[in-house]
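# Descriptive structure summary
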Amino acid sequence: MTIQSSVERKYRKSPRAPLLPQAQSQNHDNLEAHEAGIDGASFSGAVFNLSTTIVGAGIMALPATVKELGLIPGLIMIVLVGWLTESSIDMIMRFSRASKSATYSGVVADAFGGAGRTLLHVCIVVNNLGMLVVYMIIIGDVLSGAWLNGVHHSGVTEEWFGQHWWTTRFTLLLLTTLFVFLPLISFRRVDSLRYTSALSVGLAIVFVVITAGVAIVKTIDGSISMPCLLPEISKQASFWKLFTTFPVLVTAYICHHNIHPIENELKDPTQIKSIVRTSITLCSTVYIATSFFGLLLFGDRTLDDVLANFDGDLGIPYSSLLDDV
């Protein structure tokens, strides 16, 4: 009896023994610690960074999207997708706490293993590269001009300096990549971008204010009318065209991959829920205002990239200056 008890005690697992092999557990913890940020980010800085993650290049396609859907369904969809985004982020954060994961990839690895983590990383890289390509297309359109539907829309540098080698699309995008994109993507911490993020949010608000101001002035003088409140479906092709609006709406609020880095850098991580709600409310307001006033101002002439509409006479004083701004 004594010998059997001794043997059982010898081979019985200690209650403190880890469920995972020690090396694997340490590697997982090191990866989590490596991906987690450094404490110290403020509430306002986190709101600006998250808002900049949300408000991407797709904002310029929202007026055309609402034009296809009709004003009322379009604005309802913007609010609905914002609510779904907040709900999905809340799910991710709850499962992060349950799995004790400090990163989005940690949550995915807990549910789907290493293959799921790798797939998530690939998707994030593809998404970010795609967004940079879209940004470069829009920047090229604004600075050097673009051809849309056989009509040339002049860029800012073309209007100011004429056509030269240094105002070509290639040169301007090369300079933008080297002196804007490259420095901004080189920062290790998300919080390092708080000032440029605040500038981005401010510029989005300036765009909304200018568009709203011009639309209100032209509405008062009676030169524009209310857009269609519901979609116009006259034939089968117009019905299928409604589905082209979904990619813009679905990707309008993508920010899930930046939630954990922003939370990990906060002085008070419990603020993340308020930060998410504040950011989504701010972005939804900007989206609704951009969609409504952009469509009100240009009506059926609203282009897929509404910035391309700002290349001619707006029918008010200082039109050229407002176009350039």
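Residues numbered from 1 in each chain as written. Predicted model: local features only at pLDDT ≥ 70, side-chain atom pairs only at ≥ 80, totals over all residues. Heavy atoms only, no water.

## Digging into the overall build of the chain
Counting secondary structure elements, the chain contains 14 helices and 2 strands. In the chain, which comprises 325 residues, the proportion classed as buried is 38%. The contacts of the chain with a sequence gap of at least 6 include a subset with a gap of at least 24, amounting to 78%. Accessible area of the chain: about 19100 Å², with a carbon and sulfur share of 67%. (Helix = DSSP H or I, 4+ residues; strand = E, 2+ residues; numbered from the N terminus. Buried < 20%, exposed > 50% of the residue type's maximum accessible area, 1.4 Å probe, protein only. Contact = heavy atoms within 4.5 Å. Areas by Shrake-Rupley, 256 points an atom, 1.4 Å probe, with all protein chains shown as cover.)

## Description of the nonpolar core
With 51 residues, the main nonpolar core has Leu 50, Ile 54, Ile 78, Tyr 253, Ile 259 and Tyr 287 as its most contacted residues. Mapped by element, the contributors of at least two residues to this core are helix H3 (43-54), helix H4 (62-69), helix H5 (71-99), helix H9 (194-220), helix H12 (259-264) and helix H13 (272-298). It is H13 that contributes the most residues to this core, 13 residues altogether. (Core = buried A, V, L, I, M, F, W, Y, C linked by side-chain atoms within 4.5 Å.)

## What to know about the packing of aromatic side chains
For the coordinates displayed, the defined rule picks out 7 aromatic pairs. For the pair Phe 298 and Phe 310, a centre-to-centre distance of 5.1 Å together with 85 degrees between the ring planes defines the contact as edge-to-face. Placement of Phe 298 in helix H13 and of Phe 310 in the loop between H13 and helix H14 (319-324) is noted, with a sequence separation of 12 residues between them. Here Phe 298 and Phe 310 have matching classes, each one buried. Put simply, the rings of Trp 160, Phe 161 and Trp 166 pair up and form one aromatic cluster. (Phe/Tyr/Trp six-rings, centres within 6.5 Å; stacked < 30°, edge-to-face > 60°.)

## Comments concerning the confidence of the model for the chain
A residue-level look at the chain finds 87% of positions with pLDDT of 70 or above and a mean pLDDT of 83. A low-confidence stretch, residues 1-25 stays under pLDDT 50, and its non-local contacts, those more than four residues away or across chains, total 1 contact. Confidence drops under pLDDT 50 across residues 31-37; counting only partners more than four residues distant or on other chains, this segment forms 17 contacts. (pLDDT = per-residue confidence, 0-100.)

## With respect to the pattern of salt bridges
According to the stated counting rule, one finds 5 salt bridges in the structure shown. In this structure, Glu 86 and Arg 277 form a salt bridge, with 3.1 Å as the shortest nitrogen-oxygen distance. Here the residue Glu 86 occupies a position in helix H5, and Arg 277 occupies one in helix H13, the gap between them amounting to 191 residues. For Arg 277, a relative accessible area of 40% puts it in the partly exposed group. Put simply, Asp 141 and Arg 169 hold a salt bridge, and the shortest N to O gap is 2.8 Å. In this pair, Asp 141 is assigned in helix H6 (residues 104-144) and Arg 169 in helix H8 (residues 169-184), connecting sequence segments 28 residues apart. Look at Arg 169 and you get partly exposed, because its relative accessible area is 30%. (Salt bridge = Lys/Arg side-chain N within 4 Å of Asp/Glu carboxyl O.)

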